[in-house]
Amino acid sequence: SYSKTDTDATFMHMKDDHMRNAQLKPGYNVQIAVDSEYIVATDIFQDRNDVWTLVPFLKTMEERLNYRYPSITADSGYESEEGYSHLDEKGITAFIKPQTYQQWKKRSFKKDISKRENMTYNENDDSYTCHNGKRLSAVSIKNQKSKSGYKSEVTVYECEDCVGCPYKEKCTKAKGNKKLYVSKKFIEQRQKSYENIMSERGILYRMNRSIQVEGAFGVLKEDFGFRRFLTRGKAKTETQFFILAIAFNV
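Here is what the cut-offs are and how they apply
Residues numbered from 1 in each chain as written. Predicted model: local features only at pLDDT ≥ 70, side-chain atom pairs only at ≥ 80, totals over all residues. Heavy atoms only, no water. Core = buried A, V, L, I, M, F, W, Y, C linked by side-chain atoms within 4.5 Å. Buried < 20%, exposed > 50% of the residue type's maximum accessible area, 1.4 Å probe, protein only. Helix = DSSP H or I, 4+ residues; strand = E, 2+ residues; numbered from the N terminus. Contact = heavy atoms within 4.5 Å. Salt bridge = Lys/Arg side-chain N within 4 Å of Asp/Glu carboxyl O. Pairing = 2+ DSSP bridges. Polar contact = N/O pair within 3.5 Å; in protein donor to acceptor, adjacent residues only side chain to side chain. Phe/Tyr/Trp six-rings, centres within 6.5 Å; stacked < 30°, edge-to-face > 60°.

*Asks:* When you look at the nonpolar core in this model, what are you seeing that I'm missing?
*Replies:* One broad trend across soluble globular proteins is that nonpolar side chains are buried collectively. Grouped together as the largest cluster of nonpolar side chains are 16 residues, with contacts concentrated most on L54, L58, I72, L87 and I96. Secondary-structure elements contributing two or more residues to this core are β4 (38-45), α1 (54-65), β5 (71-74), α2 (81-90) and β6 (93-96). Residue contributions to this core peak at four residues, all from α1. Apart from residues lying up to four places away in sequence, I96 is in contact with L54, I72, A74, D75, E79, Y84, L87, S193 and I197. With 15 residues, the next largest nonpolar core counts I32, L220, F226 and L244 among its residues.

*Asks:* Just to check I follow, could you spell out the pattern of salt bridges for this structure?
*Replies:* Close approach of charged atoms allows side chains with opposite charge to pair. Per the stated rule, a full pass over the model turns up nine salt bridges. Where E62 meets R68, a salt bridge forms, and the shortest distance between an N and an O atom there is 2.9 Å. Note on R68: relative accessible area 37%, which makes it partly exposed. R116 is the partner of E117 in a salt bridge, and the nearest nitrogen-oxygen pair spans 3.3 Å. Classification of R116 by relative accessible area gives partly exposed; the value is 21%.

*Asks:* Would you take a moment to explain the pairing of strand β1 (residues 10-13) for this structure?
*Replies:* The side chains of a regular strand alternate, residue by residue, between the two faces of the sheet. Because side chains alternate across β1, one face comprises the buried residues T10 and M12, and the other comprises F11 and H13, none of which is buried. Here β1 pairs with strand β2 (residues 24-27) via four bridges, running antiparallel. Counterpart to T10 in the pairing with β2 is G27.

*Asks:* How should I be thinking about the environment of E82 in this particular structure?
*Replies:* One can find E82 in helix α2. Side-chain polar atoms of E82 contact the side chain of S148, separated by 2.7 Å.

*Asks:* Just checking my understanding: could you explain the packing of aromatic side chains for this structure?
*Replies:* Each aromatic ring pair is specified by the distance between its two centres and by the angle formed by the two planes. Under the defined criterion, the tally for this structure stands at eleven aromatic pairs. Between the aromatic rings of Y28 and F229, the centroid separation amounts to 6.2 Å while the plane-to-plane angle is 90°, which identifies the pairing as edge-to-face. In this pair, Y28 is assigned in the loop between β2 and β3 (29-35) and F229 in the loop between α7 (200-223) and α8 (234-249), connecting sequence segments 201 residues apart. Overall, the relative accessible area of 11% leaves Y28 in the buried class. Residue class for F229 comes out buried when judged on its relative accessible area of 19%. Ring centres of F95 and Y205 lie 5.0 Å apart, and the angle between their planes is 70°; this geometry places the pair in the edge-to-face category. Taken as a pair, F95 in strand β6 and Y205 in helix α7 lie far apart in primary sequence, 110 residues in all. Assessed through its relative accessible area of 27%, Y205 is described here as partly exposed.

Laid out in structure tokens, this is it:
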């Protein structure tokens, strides 16, 4: 996935151009942190997915600024249990939009009987009740490890009996019984962040994020005409973008 002309760059699926030609091109994942319309931190990553950039970016930002922000606001692309856990450890309030935020609003999601959110949770015996009234009990626990080394615990719930269930086709594609894979810690963290973004303060923060962060990228691309890096190699690219951020602030 690395380019022959720039061995530090990663092939990424770029946005469509005016001819609707989406292509794989060598590039970098550029991250910025904005405070009161000023770019306070920049970093460049080789990973295509934003979710793996949040924790290392926050660590680098705190180290360089010698300051820890009491809260951060980010879009759904940065949501993960690892990210939430890091923020909890540092005492930082998360205003991160859940990845399922838009889906929760849809009528189709609310009517989907296969979703955990549409099942009744019984806290006393730690089980779920499906659309057919059957109980899904916790049968095992899986330990997962991310590529960054973060360990998470997933509880596996299995339905007592799906044989002859009239709703099975709408509920699961499994040949056997319906199973749910649930990270209790992540669900709790997601709910807490959801409540934060739905508060009056959270709505204000989200509105400011969309204006200031996306606006900063808009100014760099449209007003400054910055569409591609002129250098090769991660170190030189970081330097070029750092200088560009200084110009933006000035």
